[in-house]
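So you can see what is in the structure, the chains are spelled out below.
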Amino acid sequence: MSIGIKRGAYTMAFCVNCGQSVDENGNFCPHCGHNMQTAAPKEPTSPPPQRGDITNDEYISFIGPKAHNYLFQFNKFMRYGFEDFKPTWHWPAFLVGPWWFLYRKLYLAALIAFVACWIPYVNFLAIIGFGLLGNYLYFKHCNQKIASIKATCPPEHVNLTLSHVGGTNGWVPVAAVIVSVLVAFLFMVVFAGISYYY
């Protein structure tokens, strides 16, 4: 199909595909080969949604370090266009679950994880669960926080706000090392005291 525009006493026709001038009686565009007899393509009304209308740039701004690794995992939860849980494996969540939750600012999950790690038998299952659910819990956390920020923040400030609210707690690795050393030292003192009396 062509679009005709009147210019004085004659009509100029243009290809709807490439925009070049064409013979209004022709069947095909001589520039791009488009079939002039077909209906004009419809303009898309809106871009296709990305994970609930959250863009990759917004995820990257919120996640910060290792963003592309997490996006690879997040795609598994939206493979068919809707949210669907798939078990994945997250080594940091498995090895240092409570600290990883705290590092990624999942504060409630961190509190629950710290408590669960001190409960006999439950702690073993919890550690396995951290590894299996870490990516999905973080995916849910990101979606909730990003949606909340987009609903209340001016569009021009969204990415900057995401980078401030999201990201990581840089002090957590230092705190984890200090606490681990103190706990190890405490156990050494306790066992040394027990050995002295027995």
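Sequence order as written defines the numbering, with residues in each chain counted from 1. Given that this is a predicted model, residues contribute local features only at a pLDDT of at least 70 and side-chain atom pairs are listed and counted only at 80 or more, while totals for whole chains, interfaces and linings are drawn from all residues. Heavy atoms from the whole structure form the basis of all side-chain values; hydrogens and water molecules are not counted.

Student: An account of the nonpolar core is needed here, citing residue identities and associated values.
Tutor: What is meant by a nonpolar core is a set of buried Ala, Val, Leu, Ile, Met, Phe, Trp, Tyr and Cys residues, joined one to another through side-chain atoms within 4.5 Å. Residue exposure (1.4 Å probe, protein chains only): buried if accessible area is under 20% of the type maximum, exposed if over 50%, otherwise partly exposed. Counting 33 residues, the largest nonpolar core has Y59, I63, F74, Y138 and C142 as the members making the most contacts within it. The helix count covers DSSP runs of H or I at least four residues long, the strand count covers runs of E at least two residues long, and both are numbered beginning at the N terminus. Mapped by element, the contributors of at least two residues to this core are α1 (56-63), α2 (67-77), α4 (97-103), α5 (107-116), α6 (122-152), α7 (158-165) and α8 (172-197). With eight residues, the single largest contributor to this core is α6. Apart from the residues within four sequence positions on either side, C142 is in contact with Y59, F62, I63 and F74. Contacts between residues were defined by any pair of non-hydrogen atoms, one from each residue, lying within 4.5 Å.

Student: So, unusual backbone geometry: which residues are in play, and what are the values?
Tutor: With a phi angle near 70°, K105 is a residue other than glycine that sits in the positive phi range. Taking relative accessible area as the criterion, K105 reaches 16% and is therefore assigned buried. Phi at Y121 takes a positive value of approximately 70°, unusual for a residue other than glycine. As for its position among the elements, Y121 is in the loop between α5 and α6.

Student: Give a detailed account of the pattern of salt bridges, specifying residues and quantitative values.
Tutor: A pair is scored as a salt bridge if a Lys or Arg side-chain nitrogen falls within 4 Å of a carboxyl oxygen belonging to Asp or Glu. The tally for this structure, following the rule as stated, stands at three salt bridges. Between D84 and K86 there is a salt bridge, with its nearest N and O atoms 3.4 Å apart. Judged by relative accessible area, which is 27%, D84 ranks as partly exposed.

Student: Describe in detail the confidence of the model for the chain, supporting the description with residues and values.
Tutor: For every residue, the predictor assigns a confidence score, pLDDT, that lies between 0 and 100. With 80% of its residues at a pLDDT of 70 or more, the chain shows a mean pLDDT of 84. Segment residues 1-12 is flagged for pLDDT under 50; beyond a separation of four residues in sequence, or across chains, it makes 28 contacts in the model.

Student: Could you give an account of α1, naming the residues involved and the relevant values?
Tutor: When we look at burial in α1, the residues that qualify are E58, Y59, S61, F62 and I63. Residues of α1 that are buried in the fold lie against α2, α6 and α7.

Student: Any chance you could break down the packing of α6 against α7 for me, citing the residues and the numbers?
Tutor: To get an axis, fit a line to the C-alpha atoms, keeping to the stretch in contact for a helix; angles then go from 0 to 180 degrees between the N-to-C directions. Following both chains from N to C, one finds α6 and α7 inclined at 140°, their axes separated by 10 Å at the closest point. In terms of their interaxial angle, α6 and α7 are classed as oblique. Every pair of crossing elements has a handedness; the one defined by α6 and α7 is right-handed. Contacts between α6 and α7 involve I146, I149 and K150 from the former and V158, T161, L162 and V165 from the latter. Any residue outside Ala, Val, Leu, Ile, Met, Phe, Trp, Tyr, Cys, Pro, Asp, Glu, Lys and Arg is labelled polar, Gly included; the first ten of those are nonpolar and the last four are charged. Its residues assigned to classes, the contact of α6 with α7 comprises five nonpolar, one polar and one charged. Oblique is the label for every angle not falling under 35 degrees (roughly parallel), over 145 degrees (roughly antiparallel), or within 65 to 115 degrees (roughly perpendicular). Definitions for this section: a left-handed crossing has its near helix turned counterclockwise from the far helix by less than a right angle. A right-handed crossing has that turn clockwise.

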